[in-house]
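As a plain string of letters, each chain reads:
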Amino acid sequence: MAKEILDIACDEAGHTGPDLLSKEQRYFAFSSVAIGDAEALAIIQKARVEHPVQMPELKASKLLTSAQGRRLVSAVLAACDGRYAVNLLDKLLALCGWFFEYIYEPVFQDDPGLLYEKNLHRFVAMYAYLWMLDPESDAPTAIEQFQTYMRSRDPADAPFLFANLRPPLSGNGTEHPFKSVLRFAYGYRDIIIADNARLDKELPEKGRWTLDLSTSGLWSHLNHWGRKGKLLSVRCDASKPLKATTGAFTGDENDPGILIARRNGHKGPLGWKLAEPIAFVDSRNHPAIQLADIIAGAAIAVIANDFPPELKDIGQSIARHLLPDSILPDMDLVNPKNRSAMVNSVILYGLATRAQEHSDPYENLAELYRAAEVAWVRGDLRI
């Protein structure tokens, strides 16, 4: 018997390409709807009749500025309830997350699973993010240079990371965790630079879209809808980075993203099957993509305006459909009252010391984690 096909339409909002430090647009959203164009057109027409607006093309950013527009968006979300999904990302935090992937992972490329299991990647991202918000810190320089370096893969573009020697601390000294990150980058710079240089050969268009968020957004949604067990017919609004990168998507255990997720310890279901190659189309001719655009725009409007009361119902609907791959600040990750945060702070400092000594980063790492966790339980852990 032929397998049932599930129509999926995708769009995004807040796209600034590989520039994740844009001050004009702090957030990125990727959304999808499991709705065909015929039904999508009926949903849009009904919402327009019930909540008339003078707007040839429906855009959430404009709709949400008026009570009538908000009612229209609410009606659209209600009609799509349970059949849409959205990723919402703080771009600065996403860039800080790439910091871990392209600074720490090259050093632990053979087996990074323990670090992911212990949430060190999220700890590093959050501390980098928080230090960015300190006007007196060195973090903005480091992050800006890191973004430039990831575009060029030229270490000369990031002297703060790779040419700025920091003296080792004596004894059991303490430092801000992000300074430990910087010491780690300098100490293992040769390994890091050599590993990242491979991206030029291994990725499409010489890694031009390495920091672009669209590809990871679509990959996340394909996995989400793939769990339905149906063949997927996927349409996306025309996108240069997606056209360049999705050719490597296979949806099976040989899929590059799935291979990385498994290597990093992901145990849940992953994968999808396509009924046909992903299609890139003009959203003006595809009402389902227009629905996805409204949802993505609404998600950004809610968070960019700090969850205003007038968008409460819209925000609650989006929150119910938010995928776990979303990247938003989580202060629990760096709360010193939490075992994970305290332990990771100690480990981060220790890894920076190993980097400056050019010693084996793996040596007794699991044992050190266990010792730090036991010390925390006993109340003996100090940083």
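Residues numbered from 1 in each chain as written. Predicted model: local features only at pLDDT ≥ 70, side-chain atom pairs only at ≥ 80, totals over all residues. Heavy atoms only, no water.

Enquirer: For this particular structure, what's the right way to read the environment of Asn87?
Expert: Residue position: Asn87 is located in strand S3 (residues 84-90). Take Asn87: its relative accessible area is 2%, and that puts it in the buried class. In the structure, Asn87 is positioned 179 residues away from His266 in sequence and 18 Å away in space, judged by C-alpha atoms. Sequence-distant contacts of Asn87, defined by excluding residues within four places in its chain, comprise Phe28, Ala29, Phe30, Gly217, Ser220, His221, Leu323, Asp325 and Ser326. (Helix = DSSP H or I, 4+ residues; strand = E, 2+ residues; numbered from the N terminus. Buried < 20%, exposed > 50% of the residue type's maximum accessible area, 1.4 Å probe, protein only. Contact = heavy atoms within 4.5 Å.)

Enquirer: Help me understand helix H14 (residues 256-263), please; the structure alone is not making it clear to me.
Expert: The backbone nitrogen of Gly257 lies 3.0 Å from a side-chain oxygen of the residue at the head of H14, namely Asp255. Of the residues one or two after H14, Gly265 is the one with positive phi, at around 100 degrees. (Polar contact = N/O pair within 3.5 Å; in protein donor to acceptor, adjacent residues only side chain to side chain.)

Enquirer: Sorry if this is basic, but what is going on with the side chain of Thr245 here?
Expert: Here Thr245 lies in helix H13 (residues 240-245). In this structure Thr245 comes out as buried when scored by relative accessible area, which is 13%. A distance of 2.7 Å separates a polar atom in the side chain of Thr245 from a polar atom in the side chain of Thr215.

Enquirer: Help me understand the pairing of strand S1 (residues 5-13), please; the structure alone is not making it clear to me.
Expert: Along a regular strand, successive side chains alternate from one face of the sheet to the other. Taken across its nine residues, S1 has seven buried, putting it largely inside the fold. One ladder, built from six bridges, connects S1 with strand S4 (residues 231-237); its direction is parallel. Paired with Ile5 across the two strands is Leu231, which belongs to S4. With five bridges connecting them, S1 and strand S2 (residues 27-33) associate as antiparallel partners. (Pairing = 2+ DSSP bridges.)

Enquirer: Looking at this model, I keep getting lost on the pattern of salt bridges. Mind explaining?
Expert: Pairing is possible between side chains that carry opposite charge, provided their charged atoms lie close to one another. Counting across every chain of the model gives 21 salt bridges. A salt bridge links Asp90 to Arg26; the nearest nitrogen and oxygen atoms lie 3.4 Å apart. One end of the pair, Asp90, is in strand S3; the other, Arg26, is in the loop between S1 and S2, and 64 residues separate them in sequence. According to the relative accessible area criterion, Arg26 is partly exposed, its value standing at 42%. Asp282 serves as the salt-bridge partner of Arg284, at 2.6 Å between the closest nitrogen and oxygen. Relative accessible area serves as the criterion here: at 64%, Arg284 is assigned to the exposed category. Owing to a relative accessible area of 30%, Asp282 belongs among the partly exposed residues under this scheme. A single salt-bridge network, built from bridges that share partners, covers Asp7, Asp37 and Arg235. (Salt bridge = Lys/Arg side-chain N within 4 Å of Asp/Glu carboxyl O.)

Enquirer: What is the right way to read the packing of helix H1 (residues 37-50) against helix H15 (residues 287-304) from this model?
Expert: The description of two packed helices rests on the angle between their axes and on the distance between the axes. H15 packs onto H1 with a crossing angle of 55 degrees between their chain directions and a minimal axis gap of 7 Å. In terms of axis orientation, H1 runs oblique to H15. Residues Asp37, Ala40, Leu41, Ile43 and Ile44 of H1 touch H15, and the partners they reach there are Pro287, Ala288, Gln290 and Leu291. (Axes fitted to C-alpha atoms, helices over the stretch in contact; angles between N-to-C directions. Parallel < 35°, antiparallel > 145°, perpendicular 65-115°, else oblique.)

Enquirer: What is the right way to read the sheet that holds strand S5 (residues 279-281) from this model?
Expert: Read across the open sheet, the five strands follow the order S3-S2-S1-S4-S5; overall the sheet is mixed. Among the strands making up the open sheet, the edge pair consists of S3 and S5. Averaged over all adjacent pairs, the angle separating strand axes in this sheet is 20 degrees, with direction ignored.

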